[in-house]
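One-letter residues, chain by chain:
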Amino acid sequence: MIRYTAMRLSIFVGCLVLAAVAVNFGLLPSGAGGSNVIWVVLLALVLSAPLSYVLLRKQRDEMSEQIVSKVDRTKARLEANRTREDSVSR
């Protein structure tokens, strides 16, 4: 989970730098008035979201498999405890 978050943050920071450079050199329009920083952050968010979705698919799938297996183990433990309680109370 930490590795996924670090990778996602790295993609965002890379997009932030890229957007800042592109706006600075006039490749992308700058924000209206004093909103240049907000504009660059929004551009970075818009760029990094689809990149993260595509580039981190494998890590996201691995994390979901881990979560599903933990949930399944927890459900099995709860069911075992429930059946044990039922047999003791009878």
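These numbers were taken from a predicted model, which means no experiment stands behind them. (Residues numbered from 1 in each chain as written. Predicted model: local features only at pLDDT ≥ 70, side-chain atom pairs only at ≥ 80, totals over all residues. Heavy atoms only, no water.)

K.L.:
Can you help me understand the pattern of salt bridges in this one?
P.N.:
A side chain of one charge can pair with a side chain of the opposite charge if their charged atoms are brought near each other. One pass over the structure, following the stated rule, counts two salt bridges. Glu62 serves as the salt-bridge partner of Arg3, at 3.8 Å between the closest nitrogen and oxygen. Separated by 59 residues along the polypeptide, Arg3 in helix 1 (residues 2-24) and Glu62 in helix 3 (residues 57-89) bring together distant segments of the chain. A relative accessible area of 54% means that Arg3 is categorised as exposed. Judged by its relative accessible area of 34%, Glu62 is partly exposed. Here Arg82 and Glu79 are joined by a salt bridge, their closest N and O atoms 2.7 Å apart. Here Glu79 and Arg82 lie together in helix 3, a separation of three residues that amounts to about one turn. Overall, the relative accessible area of 45% leaves Arg82 in the partly exposed class. (Salt bridge = Lys/Arg side-chain N within 4 Å of Asp/Glu carboxyl O. Helix = DSSP H or I, 4+ residues; strand = E, 2+ residues; numbered from the N terminus. Buried < 20%, exposed > 50% of the residue type's maximum accessible area, 1.4 Å probe, protein only.)

K.L.:
I'm lost on helix 1 in this one. Help?
P.N.:
For the α-helix, the turn length of 3.6 residues means that residues three or four positions removed from each other point alike. Between its first and last C-alpha, helix 1 extends 32 Å over 23 residues, near the 33 Å set by a 1.5 Å rise per residue. Residues Tyr4, Ile11, Cys15, Ala19, Ala22 and Val23 constitute the buried set of helix 1. Where helix 1 terminates, the next one or two residues include Gly26, which has phi positive at roughly 80°. (Expected span 1.5 Å × (residues − 1).)

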